Each structure stands twice: as C-alpha cells, then as structure tokens.
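In case you want the letters, here they are:
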Amino acid sequence: MRMPSAALLDSRLVRRLALQVSIMLRDRQAVMVLLRRMVLSLYRRRYCLLFCGVLVGAFATLYGLFVYGVVCSNVQVWKHVHEICKQYKEGEVVGNMCHPLCEGRVHSLSCQPLHSGKEVVFSAVLDGVPLVFKSSRRNLHTRTEVYAEDSNSGRHLYPSEDEFVKMVATLVENELNVSATEDQLSKLIHLAPVTPDPDLRLTEMKDLWRLLQDHEYLAVRMFSEQEILPTLIGSCGDVFAVDFAEPLAGGGLWEHEDEVWSDRLRSAVLILELIERLETTAPAPLRLCDVRLNHLGRSFDGAKAVVLDGDSLVTQSVADTLAGDGSMCLDHADCHFFDCHAACEDSVCVPPSSNNNLQAICEKVFLGAKWGGALVMPGLLASPHASPALAALLRLCAHPHGEEGVKHGTPDDIRDRLVATVEEMVYEIDLNA
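Please read all numbers here as calculations on a predicted model, not as lab measurements.

Participant: When you look at helix α4 (residues 161–176) in this model, what are you seeing that I'm missing?
Facilitator: Because the α-helix completes a turn every 3.6 residues, residues three or four places apart line up on one side. When the terminal C-alpha atoms of α4 are compared, their 22 Å separation across 16 residues agrees well with the 22 Å that a helix rising 1.5 Å per residue should span. All of the buried residues along α4 are Phe164, Val168, Leu171, Val172 and Leu176. For α4, the angular spread of the buried residues around the axis is 100°, confining them to a single face. Along α4, the residues that are exposed and aim more than 90 degrees away from the buried face are Asp162, Lys166 and Asn174. Summarising the contacts, the buried residues of α4 are in contact with α5 (182–188), α6 (201–212), α7 (215–222), β12 (313–315) and α9 (316–323).

Right, here's the structure in full:
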C-alpha cells in the first residue's frame with residue numbers, strides 16, 4: 001500500500017484544524033448570540049416589570065384616592081342616587097328629599113372631592129336652589145340598627161317611642177358628651193320635617209337612627225340654632241341635604257389685588273365671629289379639630305361663616321379626650337387629634353387639649369399651610385397688603401409661646417387685638433371706597 005506523502009498529511013491536518021477552528025468560531029458566535037438574547041430578554045423583562053410595577057402603583061394610588069374621597073367621579077354619585085331611589089320605590093326608605101331626588105326635580109348633580117369622611121358628597125340644584133347632599137356609610141362596621149332581630153322568627157323588633165327617646169339621648173351623650181334637652185329630643189326623634197304617615201314610622205326610625213350615627217348629621221341637628229353649620233334641608237334614606245355654602249375667600253390665594261385683599265379681610269371677620277359662636281353660644285364649647293380654609297364657607301344669606309365639614313366639629317370635652325387619649329408619645333408633636341393638640345408627659349399623651357380654635361385658625365388659615373417648616377400654601381391674611389403689625393400679631397396668635405414645645409391656646413388679649421385690627425382695616429377700606 002502506498003503511504004501518503006508528508007505534504008498530503010500536512011494539508012489534511014491543516015484542513016482538519018481549519019474545520020475545528022471554524023466549528024469553534026461558529027459555536028462561539030452561537031454562544032454570543034445566545035448570551036445577547038438572554039441579556040436583551042432580561043433587559044426587556046426588567047423594564048416590563050418596572051412598567052408593571054408603576055402601573056400597579058398608579059392603580060393602587062388612584063384607588064386609594066377614590067376610597068378616601070380625595071378624588072371622586074359622577075359615576076359614584078349616579079350609582080348612589082340610583083340605589084337610594086330603588087329603595088325608595090320599594091318602600092324601604094323615607095324622607096322629604098326622596099320624591100324630588102328620584103322624580104327629576106333635582107338636577108346638575110356633581111361630585112365634590114376632598115371629603116374623606118363620607119362615601120359620597122355631591123352638589124345639586126333643586127328648583128333653582130343649590131344644595132349639597134352627603135352620605136356616610138363608612139361607619140358600617142360600627143353602625144347599629146334600631147331594631148333587634150328575633151332569633152327564632154327573624155322578625156325585626158322595633159323599640160317603643162319611649163325606648164327610642166332613651167336610645168337617642170344615650171347616643172347624643174356618647175357622641176357629643178352633652179345631655180340633650182327634652183325639646184331637642186322631641187325634634188331629634190323625627191326626621192326633619194316629620195314623616196306624616198304613621199304607617200311609615202318604623203321605616204322613619206330605621207333611617208333616622210342610621211343618620212344620627214353620622215357625626216355631621218347629628219351636629220347639624222343639635223347645633224342648628226347657632227348657625228354654625230349649613231342649614232339642614234331634608235333627607236332620603238342615609239342621604240341628607242344642606243344649604244350650599246360658597247367658599248369664604250375671594251380670589252385665589254396667590255392673588256394680591258386690592259379687591260381680593262378686601263374680600264379676605266371680610267372673610268377673616270366672619271371667621272373670628274364664627275369662633276365666638278363656637279365657644280359661647282352652643283350648648284357646650286365646640287372645637288374645630290380639622291382646620292382648613294376649604295372647611296369654612298359663607299352661609300346661604302352670606303352674613304355668617306359656617307363649618308362645611310361637620311365631621312371634625314366636636315365639643316371641648318371630646319377634644320380633650322381625643323387629643324390626650326393616653327397613647328404613648330416621644331414628644332408633644334405626637335399628641336394630637338388633627339389640629340386639637342395636647343401635651344406629652346412621661347411618654348403619655350394627657351388631657352386636656354392645650355391649644356384652642358383661634359390658635360389653629362391663625363396657624364392654618366390666616367398664615368397658611370407649612371410642610372417641613374416651609375410655607376407651601378399662603379394663608380388668608382398672608383399678603384403684601386398685610387401691615388408689619390398685623391403680620392407680627394398673626395405670628396403671635398399662631399404661636400403665643402413659640403413654635404417649639406406644647407401648642408398653647410391664644411390668650412384673650414391677643415384675640416381682642418386681632419379682632420380690633422382686622423375690623424379697623426375693613427372700616428378703613430369701606431371709608432375709602
């Protein structure tokens with residue numbers, strides 16, 4: 001057999017080596033392609049996960065804003081009205097607002113945001129008169145029914161009239177820490193106005209008991225004579241209607257025209273008069289514990305300032321208990337119920353409430369809202385038109401003992417000076433008009 005020459009062996013060896021190198025290069029390219037695909041897949045997946053995370057976060061935030069009433073939709077309003085009207089047509093609810101609400105006399109329904117204490121709040125027009133409707137079902141886990149249920153038959157056992165009076169009296173005392181008079185109780189045990197049909201009395205009891213467990217409705221009924229809250233017009237089921245109140249301040253808070261400043265001063269006078277009514281004319285001194293400018297409005301006749309959010313309106317004794325509730329604390333800033341503050345002593349929040357209505361109004365409404373020590377929203381009287389004397393007086397009103405430590409109530413002498421200063425400025429504007 002003829003042996004291959006050395007040159008031929010070398011040629012074959014070179015081709016074999018070249019083939020192996022080619023295979024290795026192809027494999028390496030395949031590996032590189034695979035690695036690039038894996039990296040690209042991970043890159044895309046990371047952004048996909050990031051996008052999904054942002055989407056879920058946005059949805060959760062939007063859901064939370066709807067749940068807590070920061071934003072709202074007219075769909076919520078129409079859904080709620082439809083449910084109430086369905087109950088009305090089936091004879092399950094009563095009230096003087098049911099017929100106009102369900103038969104087309106109420107129109108221009110528009111949801112009102114920034115009402116975290118209510119399931120739905122909406123403005124509407126009835127026979128040319130603007131109203132605000134409110135419904136609170138957020139206390140369903142604590143709300144009780146007026147009737148007891150028979151364990152055997154399942155029948156609803158309603159209280160007698162005398163028993164119902166005692167139930168309402170106990171509710172008022174527990175909620176407001178005041179005792180209702182006989183005259184007040186005679187009015188509270190019926191809807192306003194009274195349901196005329198005696199056959200519907202049990203339904204009236206049921207609806208009224210649910211309404212009375214809403215703190216704002218109870219406050220509207222109890223303090224109607226003091227004109228602290230908008231006037232109650234009526235109700236339907238768990239929805240009640242009050243007069244529409246215009247916002248107090250004129251113009252935007254960032255505007256500084258002379259006309260706007262005049263409106264602000266007049267609004268400040270009305271607020272100071274409201275504080276006087278809160279503390280002297282009601283059956284017990286009242287505290288406004290959630291102080292914001294948008295919680296204050298002008299009464300229907302325009303002559304008085306009223307509290308638009310009655311959920312934060314409590315008696316002084318209740319404010320003392322809520323602020324100094326005995327909870328653990330590190331410093332005084334931990335002891336508060338919204339804007340009703342108390343002191344931290346021996347790591348415990350103790351009653352009574354340390355500040356007062358005027359202090360909170362001066363700090364949060366007249367001067368403005370702060371965040372981290374910086375002014376983020378100028379107050380009603382925070383304007384270049386304010387004299388240095390007024391500005392200094394407002395700071396003293398908001399922080400009579402300085403900004404550190406316990407928040408103290410504004411003394412009467414500072415109150416008197418502030419009232420006199422603002423009223424004098426209004427008088428000068430009227431004199432020069």
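Participant: Before we go on, may I ask you to explain the packing of α4 against α7 in this structure?
Facilitator: Here α4 crosses α7 at 105°, and the two axes come no closer than 11 Å. Considering the angle they form, α4 stands roughly perpendicular to α7. Across the interface between the two elements, Val172, Glu175 and Leu176 of α4 pack against His215, Leu218 and Met222 of α7. Tallied by class, residues from the contact of α4 with α7 come to 4 nonpolar, 1 polar and 1 charged.

Participant: Would you mind going over the sheet that holds strand β2 (residues 120–126) with me for this structure?
Facilitator: Taken in spatial order, the 5 strands make up an open sheet running β1-β2-β3-β7-β6, and their pairing is antiparallel. Pairing within the sheet leaves two strands with one partner each, and these edge strands are β1 (106–111) and β6 (232–236). In this sheet, adjacent strand axes meet at a mean angle of 25° when their direction is disregarded. In this sheet, strand β7 (residues 239–243) lies alongside strand β3 (residues 129–135) in antiparallel orientation, the contact comprising 5 bridges. Directly across from lysine 134, in β7, lies its bridge partner phenylalanine 240. Contacts between helix α2 (residues 74–89) and the sheet are confined to β1, β2, β3, β6 and β7, with β1 contributing the most and set at about 135° to the helix.

Participant: Which parts of the structure should I look at to understand the packing of aromatic side chains?
Facilitator: To describe a pair of aromatic rings, one takes the distance between the centres and the angle between the planes. Throughout the structure, instances matching the rule amount to 5 aromatic pairs. Relative to phenylalanine 133, the ring of phenylalanine 122 has its centre 5.0 Å away and its plane inclined at 5°; by these criteria the two rings are stacked. Taken together, the residues span a long stretch of sequence, with phenylalanine 122 in strand β2 and phenylalanine 133 in strand β3 at a distance of 11 residues. The pair phenylalanine 122 / phenylalanine 133 is uniform in exposure class, with both members buried. Taking the centre distance of 5.0 Å and the plane angle of 80° together, the rings of phenylalanine 337 and phenylalanine 338 count as edge-to-face.

Participant: Would you explain the pairing of β2 in this entry?
Facilitator: Consecutive side chains of a regular strand alternate in pointing toward one face of the sheet and then the other. Burial within β2 is extensive, with 7 of its 7 residues counted as buried. For β1 and β2, the ladder comprises 4 bridges, and the chain directions are antiparallel. Bridge pairing links valine 106 to leucine 126 in β2. Bridging between β2 and β3 involves 7 bridges; their strand directions are antiparallel. Counted as the bridge partner of leucine 126 is valine 129 from β3. If you look at the hairpin formed by β2 and β3, you'll find 2 residues sitting between the two strands, and aspartate 127 has a positive phi there, around 55°.

Participant: Help me out: how do you make sense of the pattern of salt bridges in this one?
Facilitator: Think of it this way: side chains of opposite charge can pair up when their charged atoms draw near. Per the stated rule, a full pass over the model turns up 17 salt bridges. Between aspartate 207 and lysine 206 there is a salt bridge, with the nearest N and O atoms lying 3.0 Å from each other. Each of the two residues, aspartate 207 as well as lysine 206, counts as buried. Here arginine 266 makes a salt bridge to aspartate 430, at a shortest N to O gap of 2.5 Å. Taken together, the residues span a long stretch of sequence, with arginine 266 in helix α8 (residues 258–280) and aspartate 430 in helix α12 (residues 412–432) at a distance of 164 residues. According to the relative accessible area criterion, arginine 266 is partly exposed, its value standing at 31%. Three or more residues joined by partner-sharing salt bridges are found here, namely Lys118, Lys134, Asp214, Glu216 and Asp311.

Scoring rules and cut-offs
Residues numbered from 1 in each chain as written. Predicted model: local features only at pLDDT ≥ 70, side-chain atom pairs only at ≥ 80, totals over all residues. Heavy atoms only, no water. Helix = DSSP H or I, 4+ residues; strand = E, 2+ residues; numbered from the N terminus. Expected span 1.5 Å × (residues − 1). Buried < 20%, exposed > 50% of the residue type's maximum accessible area, 1.4 Å probe, protein only. Arc of directions from axis to C-beta. Contact = heavy atoms within 4.5 Å. Axes fitted to C-alpha atoms, helices over the stretch in contact; angles between N-to-C directions. Parallel < 35°, antiparallel > 145°, perpendicular 65-115°, else oblique. Nonpolar A, V, L, I, M, F, W, Y, C, P; charged D, E, K, R; others polar. Pairing = 2+ DSSP bridges. Phe/Tyr/Trp six-rings, centres within 6.5 Å; stacked < 30°, edge-to-face > 60°. Salt bridge = Lys/Arg side-chain N within 4 Å of Asp/Glu carboxyl O.

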